[in-house]
Amino acid sequence: MVGRVFDDLPGLERLEEVTDVENVRSQRVLEKAGFQREGVLRRYIAGRGGGQARDAVIYSFLSSDRPPVRP
C-alpha cells in the first residue's frame, strides 16, 4: 500500500510518520510496513490540558525503499 502512494504521486520522495514514544504497537505497524526509525523527537507532542510535552518517534519511508516491481 505504501508503494502505491509513490506511484500516484511521482514527484514524492519521502513519507513521514510520528508516533508517541510509548506507543510500541504503532511503531511495530510502521516497521512491518517498511518504515525506518530515524530517531526520537524530544518534547515534540504538546501536553494535554497544560501537561508536560511528550517525546515522539519519527519514521520515514523513501521512494527508494520500495522493492523493485516484478513483471
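Residues numbered from 1 in each chain as written. Predicted model: local features only at pLDDT ≥ 70, side-chain atom pairs only at ≥ 80, totals over all residues. Heavy atoms only, no water.

On to the side chain of Asp20, then. Examined against the element boundaries, Asp20 turns out to sit in strand β1 (residues 14-20). Of the polar contacts made by the side chain of Asp20, one reaches the backbone nitrogen of Glu22; its length is 2.8 Å. Apart from residues lying up to four places away in sequence, Asp20 is in contact with Gln27, Ile45, Arg54, Asp55 and Ala56. (Helix = DSSP H or I, 4+ residues; strand = E, 2+ residues; numbered from the N terminus. Polar contact = N/O pair within 3.5 Å; in protein donor to acceptor, adjacent residues only side chain to side chain. Contact = heavy atoms within 4.5 Å.)

On to the packing of aromatic side chains, then. In total, this model carries 2 aromatic pairs according to the counting rule given. Feature note: the residues Phe6, Phe35 and Phe61 constitute an aromatic cluster, connected by ring pairs. (Phe/Tyr/Trp six-rings, centres within 6.5 Å; stacked < 30°, edge-to-face > 60°.)

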